[in-house]
There are 2 protein chains.
Amino acid sequence: MADSVKDGNRGGIGSPGVKAYVYLIFYLQPIVLPYGLTFMSTFKIDNVSYSINGERVFLYSGEFHYFRVPKKDWRKRLDLWKEAGGNCVATYIPWVVHELSEGDIRFGDESYRDLEGFIEVVKEAGLFLIARPGPYSYTELINSGLPTWLVNDYPNILAKRIDGSLIASDAVSYLHPQFLDRVATWYDAVCPLIAKNTINRGGPIIMTQFDNELCGVQVWRGSMDYNPEAMGFGSEDGRFASWLAKRYESVSELNEAHEALYASFGQAKPLSDAAEGSCGRLRSKRDYFDFYTHTISEYALWLTRAMRERDIDTNFVHNSGNPGMNSFFVEMCRALGDNFLLGSDHYYNLDQTWSQNSPTPQWAIGMFQSSETLRLMGYPPTVFELPGGSLSDWPPITAHDVKACTMTNIALGVKGVNYYIFTGGPNPPGTGWTADDYDYGAAISSGGEIRALYHAEKEVGLFLRENQWLAHAHQATDFAVGLDFEQARAENYGSSTDIQVSGSDAYQFLRTGVLTTAFCAGWSPTFVDLSAREWMSDQSLPIYIAGADSMSRDTQHRLVEFLRSGGKIVIGPVLPTLDERFTKCTLLSEFLGVGPSEKATGPVRLTFADLANVSNTGTVYFPKSAPDESEVLGVDEFSGRPVAWSRKFSSGGEAIILGFRWLHGKREHCAMLSKLLLHLGSKKIIRSSNPNVWCVVRTTGQKSMLFALNLSSSDMETEVEIDIGPNSDVISLGKLLVESGSVLTVGL
Amino acid sequence: MADSVKDGNRGGIGSPGVKAYVYLIFYLQPIVLPYGLTFMSTFKIDNVSYSINGERVFLYSGEFHYFRVPKKDWRKRLDLWKEAGGNCVATYIPWVVHELSEGDIRFGDESYRDLEGFIEVVKEAGLFLIARPGPYSYTELINSGLPTWLVNDYPNILAKRIDGSLIASDAVSYLHPQFLDRVATWYDAVCPLIAKNTINRGGPIIMTQFDNELCGVQVWRGSMDYNPEAMGFGSEDGRFASWLAKRYESVSELNEAHEALYASFGQAKPLSDAAEGSCGRLRSKRDYFDFYTHTISEYALWLTRAMRERDIDTNFVHNSGNPGMNSFFVEMCRALGDNFLLGSDHYYNLDQTWSQNSPTPQWAIGMFQSSETLRLMGYPPTVFELPGGSLSDWPPITAHDVKACTMTNIALGVKGVNYYIFTGGPNPPGTGWTADDYDYGAAISSGGEIRALYHAEKEVGLFLRENQWLAHAHQATDFAVGLDFEQARAENYGSSTDIQVSGSDAYQFLRTGVLTTAFCAGWSPTFVDLSAREWMSDQSLPIYIAGADSMSRDTQHRLVEFLRSGGKIVIGPVLPTLDERFTKCTLLSEFLGVGPSEKATGPVRLTFADLANVSNTGTVYFPKSAPDESEVLGVDEFSGRPVAWSRKFSSGGEAIILGFRWLHGKREHCAMLSKLLLHLGSKKIIRSSNPNVWCVVRTTGQKSMLFALNLSSSDMETEVEIDIGPNSDVISLGKLLVESGSVLTVGL
């Protein structure tokens with residue numbers, strides 16, 4: 001572990017104590033060697049990477065559905081995946097395929113239900129297996145993979161909107177007792193088949209996924225769940241009342257927060273009567289979102305306990321439906337602890353309505369946020385569903401694009417991927433939702449034909465095999481970006497008219513402003529978790545913080561402490577004036593000697609140092625009173641008022657307050673960010689002459705590699721120089737040609 | 001004109017009479033030939049193309065701002081454009097640059113205000129000029145190009161939201177008398193400079209644009225204009241009351257429509273008190289949108305009359321801000337008549353928030369809709385702003401992408417383009433909005449450097465010069481798509497809860513379903529204007545109609561007539577039950593013998609002929625009673641109810657009713673559309689083996705060319721066969737390789 005990542009021990013979502021740095025999960029599996037020999041294999045996960053037999057490796061997995069791929073082709077196609085560099089496959093075990101009518105659960109009567117036969121073949125092929133037994137599987141099956149009898153015969157279990165209407169005919173309320181009873185029966189049947197084939201017991205199964213893309217079946221159809229039975233509305237010992245009673249010490253405290261007049265916790269409603277747009281309404285909405293994610297955590301606990309009780313001894317995993325949902329699972333990750341790993345799904349297109357048809361830089365920023373978030377949560381960043389085709393035949397997912405997509409993920413820190421899907425086949429009779437043939441445009445066609453996509457996946461597989469050291473490499477970095485998990489969740493509950501810059505605004509600015517400018521300017525940001533303390537000890541890197549009106553009291557306190565002890569930050573467009581409960585808290589701004597800010601009402605001409613007319617989004621905030629003891633770095637030329645200033649402390653600490661945000665688009669933005677970071681003493685690692693080629697260096701300290709990403713649709717040239725360590729010389733790579741939609745790697 | 005386009009005389013937005021087929025506008029200009037000779041040039045516009053000296057040509061123009069490009073570089077850069085194949089340049093004449101304080105209007109005191117000098121140099125360079133004197137110019141100048149004194153000193157002229165608040169600090173109410181007075185003064189100064197340099201008077205100016213992207217400054221900021229003074233609310237002789245009195249014969253008729261209780265027209269409000277979601281509310285919203293576009297038409301009439309009074313004798317033009325806005329200008333086009341030409345702006349990216357960074361197929365469908373709409377309006381489709389750079393430095397507009405963009409437009413029927421911009425320079429002092437240097441990433445940089453983009457534009461210029469015959473080519477077509485202008489406008493006023501499929505839903509389905517499937521399947525659709533009568537005489541092509549709940553009584557009548565006389569149509573997902581005023585009208589469905597439809601509530605498994613499980617958007621409509629005398633073509637397997645059926649008439653006419661819509665994505669969609677069209681006797685022109693290469697044939701009858709569009713990010717191969725005429729042999733082109741993001745042309 002000597003060469004583990006520098007930031008490896010920053011993790012742990014604001015856990016109060018110190019998170020165990022390495023949690024070891026050893027399993028043994030007999031591996032079949034080419035010449036027929038077997039030996040016991042070990043499988044391990046820590047916060048750096050996966051390890052097999054003590055060697056850090058990438059998890060290179062492909063989704064492979066025994067219920068679709070014809071049985072006669074299982075081995076042949078598994079071998080193809082292994083030849084492509086794969087070390088694992090994953091499969092759903094769809095409830096709808098196996099429980100035909102209530103209680104009639106079948107395995108093996110048809111070849112498409114022969115789960116055990118499949119597990120055996122996977123083992124023979126020398127691959128690992130991730131089992132995904134639901135309850136939900138989605139996977140373009142009817143009822144999102146739930147049995148039809150279940151959704152038809154148990155209407156009470158369906159999730160509801162706040163007005164009592166159904167969200168969708170196949171969206172259940174996860175904690176409804178009738179639903180959990182049926183899940184228990186399903187688990188009684190399916191879990192033993194998994195349990196006896198885990199790596200501990202000589203089988204190939206290394207991880208078990210519960211459910212699928214939790215919340216998706218509800219929120220993607222427009223609503224969180226408000227099923228009154230499952231959520232327990234209107235009763236003092238109901239789930240909702242109990243949760244509120246934990247959050248608020250008294251009913252009067254709740255009333256104050258929600259601007260309500262409840263006589264008891266049991267009377268509280270999911271949405272208070274407070275005026276639309278008020279802070280009371282905002283708190284009430286935020287509380288319901290927090291309660292909702294708490295119920296998800298409770299459901300996950302129920303499922304994992306149910307699986308443990310049925311002897312499944314693997315690590316549990318779950319896949320967030322997309323990077324934007326990673327933050328839904330903060331409570332869940334805390335509740336499930338060290339035997340759990342959260343991954344994410346990183347699609348770029350599933351039909352023509354998506355924002356892009358191929359990997360774009362805007363998409364890549366989202367993947368970077370996801371990868372960094374998972375790393376800060378303490379996991380080796382893993383993509384449990386990476387495009388290996390699409391549920392739509394058009395727009396196409398091409399070999400060229402998939403290679404760029406996977407290499408981008410690797411460049412941005414991902415340590416494991418599972419292509420969704422590696423190969424498909426006909427859906428079991430009557431179960432197909434989007435089509436009867438689930439070909440998916442995958443690497444191996446429904447009929448077994450090898451497509452160009454296969455060769456692309458193989459190229460990546462061979463790259464990973466040749467560069468296994470990347471599994472324990474980290475990203476070389478020259479500035480930090482503060483991640484506030486609350487900001488990442490804030491778009492789910494909105495804002496209030498009393499708020500100038502919401503958490504959601506700030507989080508969006510981080511992506512479309514700070515991070516995009518950073519990559520265009522050749523800077524190498526990495527994230528720090530503002531809700532933890534680990535980052536505070538490292539004063540070598542300045543931290544960029546997207547400021548919103550609210551920031552938790554503890555985080556404000558930590559920032560003050562950081563500045564007092566010599567740390568350096570940039571913060572804007574506003575300083576927080578509220579704490580995490582949206583009540584007044586001006587700890588940080590008082591320390592900085594800055595009063596509240598007011599939004600510019602007319603046009604502003606923003607000049608920063610010698611950069612005239614820096615484009616902004618029209619959201620500029622001036623300090624109401626001129627900041628004391630500050631050096632003004634930027635002004636509005638029209639009014640002469642300061643828009644950027646610096647406050648230095650005797651400790652050597654420094655805060656730059658930047659009273660505006662921007663949508664990255666102009667070369668002035670690159671110049672401005674560079675001036676800011678250089679002012680704060682940051683040393684730039686990469687110099688690239690073309691803002692359209694985004695450069696990332698991954699390094700173990702001993703070995704390093706440049707990834708040059710060109711996610712535009714045109715070929716690009718760039719001149720690159722690298723300056724990694726304090727003692728090393730600048731490496732000049734000369735002019736690099738990076739083809740359109742591709743990632744070029746250069747060993748350093 | 002013998003070889004003019006087949007569909008050339010279909011045009012004319014539902015004009016009651018017959019539109020003049022060719023409106024001739026002849027102008028004479030002395031053209032400087034390379035060896036110093038001059039002769040009088042003619043310039044002509046008709047509904048097929050532009051013509052110079054009697055020869056049909058493409059208008060190949062580049063935006064060139066005398067107020068930005070240094071004067072010393074004017075001639076050099078104009079020559080570069082001419083060398084690139086350009087025959088025209090365009091320039092704004094920004095009010096903000098010339099009227100420094102009220103009444104202080106300057107030309108020529110600074111080189112960046114030397115409009116006349118510029119016109120002279122353009123003439124010397126042998127190029128035509130499009131003059132764009134505002135009032136608005138936008139062009140990334142402060143106040144969208146209006147003088148600061150104007151927006152500061154005349155607060156009453158600003159446009160307002162319905163709640164009385166300002167839309168933006170620089171959005172004026174177009175018809176406000178104080179604003180028009182100031183425009184008159186500006187026109188007094190600027191128009192004579194244009195007038196004396198028109199082609200009729202020996203100058204280079206062939207067209208004059210009034211204003212810029214009308215409505216954009218209001219609706220892009222979130223609202224139509226409700227300025228009470230300009231709109232004349234609350235008074236019997238106010239604009240709004242007068243307009244309503246023309247639309248409704250009596251106040252009681254208005255009250256019935258708006259579900260209101262007004263005592264007089266003057267009492268009517270922009271939004272009636274009718275219940276949210278009711279048809280009364282919908283009618284009231286639609287009426288306000290119609291009134292709003294009527295005021296735009298009135299403004300355009302005022303501007304063009306003001307320019308004529310000031311002796312400008314050129315054709316007038318205007319640029320719709322984007323394809324979605326073309327339909328805003330239906331009234332305006334009718335009001336301005338034959339001396340006017342509407343074009344559109346066809347951008348694909350101006351900053352990172354756009355849907356795509358490069359031309360994509362989804363974008364191309366929008367451009368096709370735009371080009372066809374402009375053609376049906378009676379104009380040679382013209383793009384007055386085509387990307388020649390971007391106001392953002394990032395994402396980049398590359399040479400490769402611009403070539404694909406322009407060639408796509410040409411493939412889809414565009415006959416004239418103006419790159420925005422060809423070259424830029426520093427903004428006049430204090431006028432820049434996005435930056436001080438307006439480099440724009442253009443073909444020729446701010447400093448005069450020739451970029452790769454220039455060579456791309458030159459390649460296209462040379463292609464156009466070599467293939468001038470394309471100016472009078474039309475698209476070979478094998479089925480028609482019915483354009484209902486009302487559907488194209490419907491997203492501006494929404495829907496009501498009583499409506500199953502709104503006009504906006506139908507219009508979206510046309511784009512994301514019918515047209516996308518058509519191009520993927522190798523069909524060659526062209527539009528017909530359902531509000532006119534021209535298409536009715538041509539029964540050779542079946543017409544696909546996206547059915548909404550409402551369709552004008554006249555159009556329903558025309559469709560009945562068309563079917564009675566042997567025409568063939570496909571219509572769905574519903575048949576109209578309402579007329580253009582949302583009152584009951586079942587002319588068409590009664591003729592087809594089909595009662596009202598009802599939406600499927602549960603899951604549907606849709607089978608069409610031998611295609612099982614055709615994916616749909618979940619919006620399936622069954623006939624309430626089984627259709628009489630019909631052949632069922634598709635059923636829901638679960639309920640057994642028909643979802644597609646055909647009704648034949650003794651005339652040979654046939655209607656297929658398809659009770660569902662789809663988002664194109666599956667190969668089954670291609671197969672289904674092909675079955676439908678072949679069933680109706682259509683003969684397919686193009687067979688292409690790859691759905692990702694979209695093929696279009698343009699032909700004069702004598703000469704033809706295939707355009708193969710690959711707007712994906714990967715190279716594509718396709719095998720192509722062409723079968724153009726009834727007597728010609730099938731032309732096999734073998735396997736074509738089309739590079740990513742490019743358009744391949746093959747002469748046939």
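Everything here concerns the structure above.
Draft legend 1. Geometry of the overall build of chain A. Along its length, chain A carries 19 helices and 31 strands. Relative to the compact-globule value of 27 Å for 748 residues, chain A shows a C-alpha radius of gyration of 26 Å, a close match. Each of the three principal axes of chain A carries a C-alpha extent, and together these read 80 × 70 × 45 Å. Per-residue burial over chain A gives 67% buried out of 748 residues. Taking as baseline every contact in chain A between residues at least 6 positions apart, the subset at least 24 positions apart corresponds to 72%. Split by element, the accessible area of chain A, about 24,600 Å² in all, is 50% carbon and sulfur. In chain A, 65 side chains carry a positive charge and 87 a negative one; their mean positions are 3 Å apart.

Draft legend 2. Molecular detail of the interface of chain A and chain B. Listed per partner, the contact involves 44 residues of chain A and 44 residues of chain B. For the chain A and chain B pair, buried surface summed over both sides reaches about 3,700 Å², with 42% attributable to carbon and sulfur atoms. Taken together, the links from chain A to chain B amount to 6 salt bridges. In this structure, the salt-bridge partner of D439(A) is R667(B), at a minimum N-O distance of 3.9 Å.

Draft legend 3. Local environment of the packing of helix α1 (residues 74–83) of chain A against helix α14 (residues 452–466) of chain A. Residue and element names in this part refer to chain A. One can describe the packing of α1 onto α14 by two numbers: an axis separation of 8 Å at closest approach and a directional angle of 50°. Between α1 and α14, the crossing angle belongs to the class labelled oblique. Residue-level contacts link L80, W81, K82 and E83 of α1 to Y454, E457, K458 and R465 of α14. Here the residues of the contact of α1 with α14 sort into 3 nonpolar, no polar and 5 charged.

Draft legend 4. Examining unusual backbone geometry more closely. G134(B) connects to P135(B) through a cis peptide bond whose omega is 10°. One can find P135(B) in the loop between β9 (128–132) and α4 (148–153). Residue W394(B) is joined to P395(B) through a cis peptide bond whose omega torsion reads -5°. Here E259(A), not a glycine, exhibits a phi torsion of approximately 50°, which is positive. Its place among the elements puts E259(A) in the loop between α9 (251–258) and α10 (279–309). Here E259(A) falls in the partly exposed class, since its relative accessible area comes to 40%. Positive phi outside glycine occurs at C215(B), with the angle close to 80°.

Draft legend 5. Looking closely at the environment of I571(A). Residues and elements named next belong to chain A. With respect to the secondary-structure elements, I571 resides in strand β19 (residues 568–573). For the pair I571 and D114, spaced 457 residues apart in sequence, the C-alpha to C-alpha distance is 57 Å. The residues touching I571, leaving out its near neighbours within four places in the chain, are I545, G547, M551, P576, L588, I656, I657 and L658.

Draft legend 6. Layout of the pattern of salt bridges. What the rule picks out here adds up to 84 salt bridges over all chains. Two residues, R286(B) and E486(B), come together in a salt bridge whose shortest N-O distance is 3.4 Å. Of this pair, R286(B) sits in helix α10 (residues 279–309) while E486(B) sits in helix α15 (residues 485–489), and the two are 200 residues apart along the sequence. Residues K735(B) and E717(B) are paired through a salt bridge, measuring 3.9 Å at the closest nitrogen-oxygen approach. Of the two residues, K735(B) sits in strand β32 (residues 731–738) while E717(B) sits in strand β31 (residues 716–722), which places them 18 residues apart along the sequence. Of the residues examined, K735(B) reaches a relative accessible area of 55% and is grouped as exposed. Note on E717(B): relative accessible area 45%, which makes it partly exposed. Each of R247(A), R286(A), D287(A), D290(A), E331(A), E486(A) and R489(A) takes part in one network of salt bridges that share partners.

Draft legend 7. Seen up close, helix α8 (residues 239–247) of chain A. Residues and elements named next belong to chain A. Three or more residues of α8 are buried, namely F240, A241, W243 and L244. For α8, the angular spread of buried residues about the axis comes to 165°, placing them on one side. Tucked into the core, α8 has its buried residues touching α7 (228–231), α9 and α10.

Draft legend 8. Quick look at the relation of the copies chain A and chain B. For the pair chain A and chain B, the superposition axis carries a translation of 0.0 Å, the fit reaches an RMSD of 0.0 Å, and the rotation angle comes to 180°. Each copy turns onto its partner about a two-fold axis. Relative to the rotation axis, the closest C-alpha in chain A is found at S355(A), a distance of 2.7 Å. When the interface residues of chain A are mapped onto chain B, 100% of them are again interface residues, pointing to one common binding face.

Draft legend 9. Up close: the sheet that holds β19(A). All names here are of chain A. Read across the open sheet, the 8 strands follow the order β17-β16-β18-β19-β25-β24-β23-β21; overall the sheet is mixed. With partners counted over all chains shown, the strands left at the sheet margins are β17 (525–529) and β21 (606–608), one partner each. Shown here is a sheet whose adjacent strand axes are inclined to one another by a mean of 25°, direction ignored. Those strands touched by helix α12 (residues 361–376) are β16 (479–483) and β17, and its axis lies near 40° from that of β17. Against the sheet, helix α19 (residues 667–679) contacts β16, β18 (543–547), β19, β21, β23 (630–636), β24 (642–648) and β25 (654–658), and its axis sits at roughly 160° relative to β25.

Draft legend 10. Representation of α19(A) in the model. Residue and element names in this part refer to chain A. Here α19 contains 13 residues, and its C-alpha end-to-end distance of 18 Å stays within 8% of the 18 Å for a straight helix at 1.5 Å per residue. Turning to α19, its buried residues are E668, H669, C670, M672, L673, S674, L676 and L677. Where α19 is buried, its residues touch β16, α16 (503–521), β18, β19, β21 and β25. Just downstream of α19, G681 is the residue with a positive phi angle, here 85°.

Draft legend 11. Layout of the packing of α9(A) against α10(A). Residues and elements named next belong to chain A. One can describe the packing of α9 onto α10 by two numbers: an axis separation of 7 Å at closest approach and a directional angle of 115°. Facing α9, whose interface residues are E256, A257 and H258, α10 presents C279, G280, R283, S284 and D287. Counted by class, the contact of α9 with α10 contains 2 nonpolar, 3 polar and 3 charged residues.

Draft legend 12. Spotlight on the side chain of E63(A). All names here are of chain A. With respect to the helices and strands, the residue E63 is situated in strand β5 (residues 59–64). You can call E63 buried: its relative accessible area is 0%. Engagement of the side chain of E63 in a polar contact is seen with the backbone nitrogen of Y92, the distance being 3.4 Å. Not counting the four nearest positions on each side in its chain, E63 is found in contact with A90, T91, Y92, R132, N418, Y419, Y420, I421, F422 and T423.

Draft legend 13. Expanded view of the sheet that holds strand β23 (residues 606–608) of chain B. Residue and element names in this part refer to chain B. Strand order in the open sheet made by the 8 strands is β19-β18-β20-β21-β27-β26-β25-β23, with mixed pairing throughout. Of all the strands in the sheet, the pair left with one neighbour each is β19 (525–529) and β23. Across this sheet, the average inter-strand angle for adjacent strands is 25°, counted without regard to direction. Where strand β25 (residues 630–636) and strand β26 (residues 642–648) come together, 5 bridges link them in antiparallel fashion. In the sheet register, V632 faces β26, and the bridge partner there is W645. Those strands touched by helix α12 (residues 361–376) are β18 (479–483) and β19, and its axis lies near 40° from that of β19.

Draft legend 14. Spatial organisation of the environment of N315(B). Within the secondary structure, N315(B) is located in strand β11 (residues 315–320). On a C-alpha basis, the gap between N315(B) and A274(B) in space is 44 Å, while along the polypeptide they are 41 residues apart.

Rules of the game
Residues numbered from 1 in each chain as written. Chains lettered and ligands numbered in written order. Predicted model: local features only at pLDDT ≥ 70, side-chain atom pairs only at ≥ 80, totals over all residues. Heavy atoms only, no water. Helix = DSSP H or I, 4+ residues; strand = E, 2+ residues; numbered from the N terminus. Rg over C-alpha atoms; globule rule 2.2 N^0.38 Å. Buried < 20%, exposed > 50% of the residue type's maximum accessible area, 1.4 Å probe, protein only. Contact = heavy atoms within 4.5 Å. Areas by Shrake-Rupley, 256 points an atom, 1.4 Å probe, with all protein chains shown as cover. Lys, Arg positive; Asp, Glu negative; His and termini not counted. Charge placed at Lys NZ, Arg CZ, Asp CG, Glu CD. Buried area = accessible area lost by both parts, 1.4 Å probe. Salt bridge = Lys/Arg side-chain N within 4 Å of Asp/Glu carboxyl O. Axes fitted to C-alpha atoms, helices over the stretch in contact; angles between N-to-C directions. Parallel < 35°, antiparallel > 145°, perpendicular 65-115°, else oblique. Nonpolar A, V, L, I, M, F, W, Y, C, P; charged D, E, K, R; others polar. Arc of directions from axis to C-beta. Least-squares fit on C-alpha atoms with pLDDT ≥ 70 in both. Pairing = 2+ DSSP bridges. Expected span 1.5 Å × (residues − 1). Polar contact = N/O pair within 3.5 Å; in protein donor to acceptor, adjacent residues only side chain to side chain.

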